[in-house]
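# Coordinates in review
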Amino acid sequence: MRGVTADDTLCASATAPELDRLGKAVRDLVRERVPSFWTENDLADELRLDESGLGLDSVGLVELVVACERHFGVRLPAAILRQDAPTLGELIGWLRDAGA
């Protein structure tokens, strides 16, 4: 049995319009930092943020997290940077949990 993830929490406690707005804003921030061939439709919640998915290296991931914190005016736990290959959906869930 697996533990509860940010994706589970994301789906359970936010309304669809809130998820849509937050998800679109995060995807816009991601697209500013990845090659131009990535479209919004390509950016699925299951997509890993690391080099095996979006292609972000560790510096790129830190830059994305900092950009999200600044954009939404929230602080994310440093532990997300130590997690092995977080997904876009997990990032959105952490932002929602932080009050974005």
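Residues numbered from 1 in each chain as written. Predicted model: local features only at pLDDT ≥ 70, side-chain atom pairs only at ≥ 80, totals over all residues. Heavy atoms only, no water.

Attention shifts here to the overall build of the chain. From N to C terminus, the chain includes five helices and zero strands. Beginning at the N terminus, the succession of helices and strands in the chain can be written as α-α-α-α-α. For the chain, buried positions account for 42% of its 100 residues. Expressed as a percentage of contacts within the chain between residues at least 6 apart in sequence, the contacts between residues at least 24 apart total 57%. Carbon together with sulfur atoms contributes 52% to the accessible area of the chain, which is approximately 5,900 Å² in total. (Helix = DSSP H or I, 4+ residues; strand = E, 2+ residues; numbered from the N terminus. Buried < 20%, exposed > 50% of the residue type's maximum accessible area, 1.4 Å probe, protein only. Contact = heavy atoms within 4.5 Å. Areas by Shrake-Rupley, 256 points an atom, 1.4 Å probe, with all protein chains shown as cover.)

This model, assessed by the stated rule, comprises five salt bridges. In this structure, Asp 28 engages Lys 24 in a salt bridge whose closest nitrogen and oxygen atoms are separated by 3.2 Å. Of this pair, Asp 28 and Lys 24 are both found in helix H2 (residues 16-31), four residues apart, which corresponds to roughly one turn of the helix. Residue Lys 24 is classed as partly exposed on the basis of its relative accessible area of 40%. For Asp 45, the salt bridge identified is with Arg 27, shortest N-O distance 2.6 Å. Separated by 18 residues along the polypeptide, Asp 45 in the loop between H2 and helix H3 (58-72) and Arg 27 in helix H2 bring together distant segments of the chain. (Salt bridge = Lys/Arg side-chain N within 4 Å of Asp/Glu carboxyl O.)

The backbone phi angle of Ala 85 is positive, close to 50 degrees, even though this residue is not glycine. Turning to its location among the elements, Ala 85 is positioned in the loop between helix H4 (79-82) and helix H5 (88-97).

To continue, consider the nonpolar core. The biggest cluster of nonpolar side chains holds 25 residues, and the ones touching the most others in it are Val 26, Phe 72, Leu 91 and Leu 95. For this core, the secondary structure elements donating two or more residues are H2, H3 and H5. (Core = buried A, V, L, I, M, F, W, Y, C linked by side-chain atoms within 4.5 Å.)

Attention now goes to the environment of Leu 95. Inspection of the secondary structure puts Leu 95 in helix H5. Leu 95 gets classed as buried once you look at its relative accessible area, which sits at 0%. In the structure, Leu 95 is positioned 27 residues away from Cys 68 in sequence and 7.9 Å away in space, judged by C-alpha atoms. Discounting residues that sit within four places of it in the chain, Leu 95 has contacts with Leu 22, Val 26, Cys 68, Phe 72, Val 74, Leu 76 and Ala 100.

What follows is about H5. For an α-helix the count is 3.6 residues per turn, leaving residues at separations of three or four pointing the same way. Burial of H5 is extensive: nine of the 10 residues sit out of reach of the surface. Phi turns positive one or two residues past the end of H5, at Gly 99, with a value near 105 degrees.

For the rest of this paragraph, the subject is H3. For H3, spanning 15 residues, the distance from its first C-alpha to its last is 21 Å, which sits close to the expected 21 Å at 1.5 Å a residue. Within H3 the residues assigned to the buried category are Gly 60, Leu 61, Leu 64, Val 65, Ala 67, Cys 68, Glu 69 and Phe 72. Two to three positions downstream of the cap, the backbone nitrogen of Val 59 sits 3.2 Å from a side-chain oxygen, assigning the N-cap of H3 to Asp 57. Of the residues trailing H3, Gly 73 is marked for its positive phi of about 65 degrees. (Expected span 1.5 Å × (residues − 1). Polar contact = N/O pair within 3.5 Å; in protein donor to acceptor, adjacent residues only side chain to side chain.)

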